[in-house]
Each structure stands twice: as structure tokens, then as C-alpha cells.
Amino acid sequence: MSIKEILLIPDKRLKMKTDLVSSITKNEHRLIDDMFETMYDAPGIGLAAPQVGVMSKIIVMDCAKEEDEKPDPIAMINPEIIWVSDELNTYEEGCLSIPDYFADITRPANIKVRYLDKNEKTIEREAGGLLATCIQHEIDHLEGKLFIDYISRLKRERITKKFQKMAKFEAK
Ligand code: NI
């Protein structure tokens, strides 16, 4: 296993759509292991493949973040949301590709998601609470969508400029 470099905005790959995974091989298993290791190391509660530069529909999550909770690693391949509740929920979200920035984002409170697990088994599960938000945030990544796309344009431009400046500084 190895820790991958996490891409930061304004990297263009974070704004691109990803490809469906057509077969789940050793490569995908290795990528999933690396993504978990990268996510736990960061630390974060979710990571999508494009954040490590792989343009495939793969996400990993572990929303058991309280210290007394058992780890709950979940990997989803080709996930799609097949139902959302009318009820909404607001969480303060962050993203490993936009470090140290947080904003309240409102999304459906409950969802149903269909995906393949790493043994190529189709799973359907309902989720609520933090997990529902996390799944929606990570699936957005697979469509090139970031949580800052939900905030006002003014705030988004401000945060994007800040990261553009940092990227230029680091490139020097
Ligand atoms: Ni994110």
C-alpha cells in the first residue's frame, strides 16, 4: 500500500467527469487500498479517485470518526444515487482537495445508493446523517463537482483565487 498525493484546487482533474469502471481487477483493489491509506493518513472521512489523479468512478469513506466508534471503511465502485428524500440536512463540509476551508452545505438528508463492492457484487443501501452527506459529496467528485460549487459565486471565487496563488507560489 502507498500514500498517494492528494490533488488540490485548481487542478483541472478535479473538475473533470470520470469513467465507469468496466472490470474490477487487482489494479482496482490496489487503488482502493491506497485510497483508504491516503484518506486515513490525511486524515479525512472520504476520498474520490480523481483526488488522487485517477479518473475512475471509485470512492472510499469512513464516517466513524468518533474515537469510540469502530472503523467502518466503505468502498464504492460506479456508485449512483437512486433515491433522495425531500427532507434536507445541513452539515459543515470540508474537502481534502480544499484544505482548511469549511462551509455549511444543504443536501438531501436521506439517500439510497447503488454500487459495486470490490467483489463486483451489486449493493443497494440507504444512508442518513453524516454518511448520506459524505456519499453525496464523494459522488459529486466523480462528476467534477466540488462542495464549493454550492456556495455563492463570490465566496467560491475568493477561495479559488487563494488556492491559485498558493499553487503559483509552490510552482516557483
Ligand atoms: Ni471532497
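Note that this is a predicted model, so its numbers are computed, not measured.

Conventions we followed
- Residues numbered from 1 in each chain as written.
- Predicted model: local features only at pLDDT ≥ 70, side-chain atom pairs only at ≥ 80, totals over all residues.
- Heavy atoms only, no water.
- Pairing = 2+ DSSP bridges.
- Helix = DSSP H or I, 4+ residues; strand = E, 2+ residues; numbered from the N terminus.
- Donors = N, O, S within 2.8 Å, 3.2 Å for Na, K, Ca; no water.
- Buried < 20%, exposed > 50% of the residue type's maximum accessible area, 1.4 Å probe, protein only.
- Salt bridge = Lys/Arg side-chain N within 4 Å of Asp/Glu carboxyl O.
- Phe/Tyr/Trp six-rings, centres within 6.5 Å; stacked < 30°, edge-to-face > 60°.
- Polar contact = N/O pair within 3.5 Å; in protein donor to acceptor, adjacent residues only side chain to side chain.
- Contact = heavy atoms within 4.5 Å.
- Axes fitted to C-alpha atoms, helices over the stretch in contact; angles between N-to-C directions.

Engineer: I'd like to hear about the pairing of strand 6 (residues 111-116), residue by residue, with values.
Structural biologist: By the bridge criterion, five bridges tie strand 3 (residues 74-84) to strand 6 in an arrangement that is antiparallel. Of the residues in strand 6, the one forming a bridge with Trp-83 is Lys-112. Hairpin remark: strand 6 followed by strand 7 (residues 122-127), antiparallel, with five residues in the connecting loop; positive phi at Glu-120, about 65°.

Engineer: Any details on the coordination of the nickel ion? Residues and values, ideally.
Structural biologist: The coordination sphere of the nickel ion, as far as protein atoms go, consists of Cys-95 (SG), His-137 (NE2) and His-141 (NE2), spread over 2.1 to 2.3 Å. For the nickel ion, the donor residues sit on a single chain with the sequence spacing C-x41-H-x3-H. One end of the pair, Cys-95, is in strand 4 (residues 88-95); the other, His-137, is in helix 2 (residues 129-142), and 42 residues separate them in sequence. Assigned by exposure class, Cys-95 and His-137 land together as buried.

Engineer: Describe in detail the pattern of salt bridges, supporting the description with residues and values.
Structural biologist: Using the criterion set out here, one finds ten salt bridges in the structure. When the shortest N-O distance is used, the salt bridge between Lys-57 and Glu-143 registers 3.2 Å. In this pair, Lys-57 sits in the loop between strand 1 (46-48) and strand 2 (58-61) while Glu-143 sits in the loop between helix 2 and helix 3 (153-171), placing the two residues 86 residues apart along the sequence. Since its relative accessible area comes to 11%, Lys-57 is described here as buried. Among the residues examined, Glu-143 registers a relative accessible area of 36% and is labelled partly exposed. Of the charged contacts, one joins Asp-140 and Arg-107 as a salt bridge, the two residues approaching to 3.0 Å between their closest N and O atoms.

Engineer: I'd like a description of the packing of aromatic side chains, backed by residues and values.
Structural biologist: Taken as a whole, this structure holds two aromatic pairs when the rule is applied. An angle of 20° between the planes, with centres 6.1 Å apart, marks the rings of Phe-36 and Tyr-40 as stacked. On the criterion of helical spacing, the pair formed by Phe-36 and Tyr-40 is a turn pair, its members being four residues apart in helix 1 (residues 26-41).

Engineer: Tell me about the side chain of Glu-93, residues and numbers included.
Structural biologist: With respect to the element layout, Glu-93 can be found in strand 4. Relative accessible area serves as the criterion here: at 4%, Glu-93 is assigned to the buried category. Polar side-chain contacts of Glu-93 include one of 2.7 Å to the side chain of Arg-107. The residues contacting Glu-93, other than those within four sequence positions of it, are Tyr-101, Phe-102, Ala-103, Ile-105, Arg-107, Thr-133, His-137 and Phe-147.

Engineer: Break down the environment of Ile-123 for me, with residues and values.
Structural biologist: Mapped onto the elements of the fold, Ile-123 is located in strand 7. Under the relative-accessibility criterion, Ile-123 is labelled buried at 18%. Note: C-alpha distance between Ile-123 and Cys-134 (eleven residues apart in sequence) is 17 Å. Among residues more than four places away in sequence, those in contact with Ile-123 are Val-113, Arg-114, Tyr-115 and Asp-117.

Engineer: Now, about the sheet that holds strand 1: what can you tell me, with residues and values included?
Structural biologist: Taken together, the five strands give an open sheet; going across it, the order is 1-2-3-6-7, and neighbouring strands pair in antiparallel fashion. Bordering the open sheet on either side are strand 1 and strand 7, each of which pairs with just one other strand. Each adjacent strand pair in this sheet contributes to an overall mean axis angle of 40°, direction not counted. Bridge count between strand 6 and strand 7: six bridges; the pairing is antiparallel. Paired with Val-113 across the bridge in strand 7 is Arg-125. Along the sheet, helix 1 contacts strand 1, strand 2 and strand 3; its crossing angle with strand 2, the most-contacted strand, is approximately 40°.

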